[in-house]
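Now for the letters of each chain:
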Amino acid sequence: MNDRTPFQPGRPVVLRGGTVLPMDDGRRVLSRTDVLVVDDRIAAVGPALEAPDGALEIDATGGIVMPGMIDTHRHMWQTVMRGYGADWTLTQYFVWNYLEYGRLFRPEDIHAGNVLAALEALEAGVTTVVDWSHNLQTAEHADAAADALQSVPGRFVLAYGNIQQAPAEWATSAAFRDFVARRITGDDLLGFQLAFDVLGDPAFPEKPAFDVARELGAPVTTHAGVWGATSDAGIQLMYDHGFMTPQTVYVHAASLSTDSYHRIAATGGSVSVSTESEQSAGQGYPPTWRIRSHGIPVSLSMDTSVWWSGDLFSAMRATLSADRSREHLEAHATGGTVTHAGLRADQVVEWATRGGAQAIGRPDLGRLEPGYKADLVLIKNDHSPVSFPLHHPYGHVVFQAQRGDVHTVIVNGRVVKHEHRLVGADLDAARRAAERSVEHLRSTMGQEAWERGMNPDVPESKILDNPYTYTDYSSADTHSL
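A brief structural summary. Model, not experiment: these values are computed from the prediction.

Criteria and cut-off values
Residues numbered from 1 in each chain as written. Predicted model: local features only at pLDDT ≥ 70, side-chain atom pairs only at ≥ 80, totals over all residues. Heavy atoms only, no water. Helix = DSSP H or I, 4+ residues; strand = E, 2+ residues; numbered from the N terminus. Rg over C-alpha atoms; globule rule 2.2 N^0.38 Å. Buried < 20%, exposed > 50% of the residue type's maximum accessible area, 1.4 Å probe, protein only. Contact = heavy atoms within 4.5 Å. Lys, Arg positive; Asp, Glu negative; His and termini not counted. Charge placed at Lys NZ, Arg CZ, Asp CG, Glu CD. Pairing = 2+ DSSP bridges. Right-handed = clockwise from strand over helix to strand, strands pointing away. Axes fitted to C-alpha atoms, helices over the stretch in contact; angles between N-to-C directions. Parallel < 35°, antiparallel > 145°, perpendicular 65-115°, else oblique. Left-handed = near helix turned anticlockwise from the far one by under 90°. Polar contact = N/O pair within 3.5 Å; in protein donor to acceptor, adjacent residues only side chain to side chain. Phe/Tyr/Trp six-rings, centres within 6.5 Å; stacked < 30°, edge-to-face > 60°. Arc of directions from axis to C-beta.

**Topic: the overall build of the protein**
Part 1: Looking only at helices and strands, the protein features 15 helices and 17 strands.
Part 2: Taking 23 Å as the expected radius of gyration for a compact globule of 481 residues, we find that the protein reaches 24 Å, a close match to that expectation.
Part 3: Once the C-alpha set of the protein is aligned to its principal axes, its extents read approximately 80 × 75 × 50 Å.
Part 4: Expressed as a percentage of the 481 residues in the protein, the buried residues total 54%.
Part 5: For the protein, contacts bridging at least 24 residues in sequence account for 75% of all contacts bridging at least 6.
Part 6: In the protein, which carries 39 positive and 59 negative side-chain charges, the distance between the mean positions of the two groups comes to 4 Å.

**Some thoughts on the pairing of strand β11 (residues 249-252)**
Part 1: In this structure, strand β10 (residues 220-224) lies alongside β11, joined through four bridges in parallel fashion. Looking at the pairing, Ala224 lines up with His252 of β11.
Part 2: Taking the sense of rotation as the criterion, the β-α-β connection linking β10, helix α7 (residues 232-240) and β11 turns out right-handed.
Part 3: Across three bridges, the pairing between β11 and strand β12 (residues 270-273) is parallel. When the bridges of β12 are listed, Val249 appears paired with Ser270.
Part 4: Tracing the backbone out of β11, into helix α8 (residues 258-267) and back to the parallel element β12 gives a crossover that is right-handed.

**Details of the packing of helix α2 (residues 107-123) against helix α3 (residues 139-150)**
Helix-helix packing: each pair is described by the crossing angle between the helix axes and the interaxial distance.
Part 1: Interaxial distance between α2 and α3 falls to 8 Å at its minimum, and their mutual angle equals 25°. Classified by the angle their axes make, α2 and α3 are roughly parallel. For the element pair α2 and α3, the recorded crossing hand is right-handed. Across the interface between the two elements, Pro107, Ile110, His111, Asn114 and Val115 from α2 touch Glu140, His141, Ala144, Ala145, Asp147, Ala148 and Leu149 from α3.

**Quick word on the side chain of Arg155**
Part 1: Relative to the helices and strands, Arg155 is located in strand β8 (residues 155-160).
Part 2: For Arg155, a relative accessible area of 2% corresponds to the buried category.
Part 3: Side chain to side chain, Arg155 and Asp375 meet in a polar contact 2.8 Å long.
Part 4: Excluding anything up to four places from it in sequence, Arg155 contacts Thr127, Thr128, Val129, Asp188, Leu189, Arg362, Leu365, Lys373, Asp375, Val411 and Asn412.

**Some details on the environment of Val397**
Part 1: Along the chain, Val397 turns up in helix α13 (residues 393-400).
Part 2: With 333 residues separating them along the chain, Val397 and Ile64 place their C-alpha atoms 8.3 Å apart.
Part 3: With residues up to four places along the chain from it excluded, the contact list for Val397 reads Leu21, Ile64, Met66, Phe313, Met316, Val349 and Ile379.

**Focus: the packing of aromatic side chains**
Part 1: Under the counting rule described, the total for this entry stands at 24 aromatic pairs.
Part 2: Consider the rings of Trp77 and Phe105, whose centres lie 4.9 Å apart with planes at 90°: the pair is edge-to-face. Of this pair, Trp77 sits in the loop between β6 (69-74) and α1 (90-100) while Phe105 sits in the loop between α1 and α2; the two residues are 28 residues apart in sequence, bridging distant segments of the chain.
Part 3: Its relative accessible area of 0% is what places Trp77 among the buried residues.
Part 4: The interplanar angle of 75° and the centroid separation of 5.5 Å between the aromatic rings of Trp170 and Phe176 together place this pair among those described as edge-to-face.
Part 5: A residue is classified by how much of its surface remains accessible, and Trp170, at 3% relative accessible area, is buried.
Part 6: A relative accessible area of 1% means that Phe176 is categorised as buried.

**Description of α8**
Part 1: Listing the buried residues of α8 in full gives Ser260, Tyr261, Arg263, Ile264 and Thr267. One side of α8 holds all its buried residues, which, seen down the axis, span an arc of 155°.
Part 2: Elements that come into contact with the buried residues of α8 comprise α7, β11 and α10 (288-291).
Part 3: Gly268, located one to two residues past α8, shows a positive phi value of around 85°.

Encoded structure:
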């Protein structure tokens, strides 16, 4: 095979001598271990493996080899607005996207956001993303979203939604049916879900959308337990009508009652936790500290780059910290002290890998064992002093590593990033497309509205009255003390 094309699809790859986290049931750590990839599968894991002639050899010494991370909820179309809503609350997000300017997104803007988000995910070692695509206002928007995902060599799930129409309207439309027939054809790299929320109206107007999902055999992903938006009433409606299934993904689930968590657990669903989002936007406190006691499966997600980062290192770190913070807070409220942490680093890494695989119904992802799909990440940075020493690999992934440490990424057996650079990605084209979308939005909104949307009013705050009087000790006669 020509060495001038080292990343040609189909070429076997062997990663040599790394610390391997296979994410098996024992959460083992394998030192000085090789991982062999042949075609789209993990062929072998072990020391000093024999590789086929012509295999690409990657030195993983000093690095960590782990399954590719899986984000189960990201509004990829919004990525052209990266950082715009840094100071938003959920209220400002709803107003901007739902009531005012979200409808300005053209199909080409959806495409630009999805391409940028997809590249961003791969660059950060996120090999699978659920595109919670809830601005597919027309079939042209939906085609643009799918085209973008299929133009990037990652693994994606298109979660089809439309915030500008009721779920029963768009899910039963001829245009939606036609899209599904044309585009959802069993591509292993493009899964499918329906994305909509249940608002709790006793008439259950979302029922026709659930009926369509059941007919298509498509899972439903829904924002549940979002303070002020979706509540226990929605969970009860879903339960009473038999639409809570093991395939259902409940996003956030941060402000639900114990009864609702029991219903989710009893019906086998999972929760996608977006800790940076829940901490900042106001859906409720990140719920892992509660749902762990119910045995509900967890996956992790980033929500949107309008506010937050687009990598799961941030998600793992924030989730473990939020869970432990609440554990301490609850103990302190009763005069107690936490002496042993209940949630461990290896469990959070599992949520970012196997947890995501379970949530999207892909038991062939999320582990590094022979026969599993070859989606994997090498974390290695020889130019960083943070890369050594390596004592606790799971803890290193959660608290020490970051996206800049992602050395190599393989998806479906194909090398898509190597030596810290994406392979074959046209970043200039992605940048130009994003710039065109931003210019369209800014010019259509007008500069004043653009600035106002990015800089919401700051609420008034008052400094508490202080019963103590300030004393300037610098002028005091310290010798007389």
